[in-house]
Amino acid sequence: MPIKGLKYATFATARRRRRRLPPSFAFPAAKAGQATFAWSDTQVITQAAPLTPPSDGALLDAYSKAVVDAVDRVGPAVVRVHPWTGPYGAEGVGSGIILAPDGLVLTNSHVVRGANQAEVVALDGRSLSARVIGDDPDTDLALLRIDQQVSLPSARLGDSKALRRGQLVIAIGAPLGFEATVTAGVVSAMGRSLRGERGRLIEDLIQTDAALNPGSSGGPLVNAAGEVVGVATAVISGAQGLCFAVASNTAALVVGELVKHGRVRRGSIGIVAQQAPIPRDLARAVGLEQLFGVWITTLDPNGPAAKAGLAPGDLLIAADGQTLTGLDDLLRVLDTQSIGKPTDVAVIRQGRRITLTVTPRERRR
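All of the points below concern the structure found in this document.

**Observations regarding the overall build of the chain**
Argument step 1. Within the chain, the secondary structure is distributed over eight helices and 24 strands.
Argument step 2. Intrachain contacts of the chain at a sequence separation of at least 6 include 59% that bridge at least 24 residues.

**Remarks on helix 3 (residues 62–74)**
Argument step 1. For helix 3, with 13 residues, the first-to-last C-alpha span of 18 Å sits near the 18 Å given by 1.5 Å per residue.
Argument step 2. Within the sequence span of helix 3, burial applies to Ala66, Val67, Ala70, Val71 and Val74. End-on view of helix 3: buried residues confined to an arc of 125°, all on one side of the axis. Opposite the buried face of helix 3, by more than 90 degrees, sit the exposed residues Ala62, Asp72 and Arg73.
Argument step 3. The secondary structure elements touched by the buried residues of helix 3 are strand 4 (78–86), strand 11 (168–173), strand 12 (181–195), strand 14 (220–222) and strand 15 (228–235).

**Some words on the nonpolar core**
Argument step 1. Counting residues in hydrophobic clusters, the biggest one holds 47 residues, and the most contacted among them are Leu106, Leu144 and Ile146.
Argument step 2. Apart from the residues lying within four places of it in its own chain, the contact partners of Leu144 are Val81, Gly103, Leu104, Val105, Thr107, Val112, Ala118, Val120, Ala130, Arg131, Val132 and Ile133.
Argument step 3. By size, the runner-up hydrophobic cluster in this structure holds 20 residues, among which are Ile269, Ile296, Ala308 and Leu334.

**Looking at the side chain of Asp136**
Argument step 1. Relative to the elements of secondary structure, Asp136 occurs in strand 9 (residues 127–136).
Argument step 2. If sequence neighbours within four positions are ignored, Asp136 has contacts with Ser109, Leu141, Val254, Val264 and Arg266.

**Thoughts on the pairing of strand 15**
Argument step 1. Where burial is concerned, most of strand 15 is hidden: seven out of the eight residues are buried.
Argument step 2. In this sheet, strand 15 lies alongside strand 14 in antiparallel orientation, the contact comprising three bridges. By the bridge assignment, Leu221 is partnered in strand 15 with Gly230.
Argument step 3. The turn joining strand 14 and strand 15, which pair antiparallel and follow one another in sequence, is formed by five residues; a positive phi near 80° is taken by Gly226.
Argument step 4. Relative to strand 16 (residues 243–247), strand 15 is paired through five bridges, and the arrangement is antiparallel. Bridged to Val231 within strand 16 is Val246.

Conventions and cut-offs
- Residues numbered from 1 in each chain as written.
- Predicted model: local features only at pLDDT ≥ 70, side-chain atom pairs only at ≥ 80, totals over all residues.
- Heavy atoms only, no water.
- Helix = DSSP H or I, 4+ residues; strand = E, 2+ residues; numbered from the N terminus.
- Contact = heavy atoms within 4.5 Å.
- Expected span 1.5 Å × (residues − 1).
- Buried < 20%, exposed > 50% of the residue type's maximum accessible area, 1.4 Å probe, protein only.
- Arc of directions from axis to C-beta.
- Core = buried A, V, L, I, M, F, W, Y, C linked by side-chain atoms within 4.5 Å.
- Pairing = 2+ DSSP bridges.

Listed below in structure tokens is the structure:
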């Protein structure tokens, strides 16, 4: 080959791209119990860590563990209640929740209706006598005080307003007299209203599919943190999965009044209402930050609300300067001091915010 041709051939070889092979390497040695990896340009080699059998604790899934922990916390504070309604001793059965170690027991009004005394059976089998110190049929709640000097396990009332639909709840009670029975379900809805056996409207109820049966009334509805968020009150006959509990925030208000006065004297504006979400666009339009209000479904045509100009479909968002995000807020405003006192109520009606003045009257017993 001529010298000139040899020169061009050398130049062509120099310009030709050489294929670079990726270097083979390995990750640092793994610690005990971890997987190790080695990599090369041809294949990936994986060495799995040796399998160890799971422990008994690991076999409990998160759902089961939440239920077990909640029952361990609250179960010892659940009692069986037998009201003394006749001359022959205790008749009927219900459930109750010990709220204070010295023997303050919360149950349903319909469990002890017509009784002044009751027999309370603790989880450890002790049979104790108790007297009814307060009864509030409007919320289907009653309060008992154990006569003997005792020190009992107690439960704590939680914040029912923090509940959300779909949240896990556990019901504990004595259905048909079978004490310490546990069922689990979810919160189906909040802010329900239901008429009781005497035609009274029980408001701010939690709807759940946790199974409740006769005898469960007065037992706790518990969240995964072991807090009492409701008091079992009613089952719809013939319908599966329709069970109701009084919200714990309402129960806390009622317990305070029953301890102080033996009854709950409260105001009323003559409405039937339920908690309702406020659409985000509507909240922005009227300058609101709250997520819920109190929606009026019906009202007494001769009641204070009707006289003040309120109407079905109105959304109450504040009263007496306090934000209303649920029926428990409205019940808190309509306390003893509200009776006969003109109260400003903020309302959303047809996309506009207006203020009306209503004067509550004493709720009829």
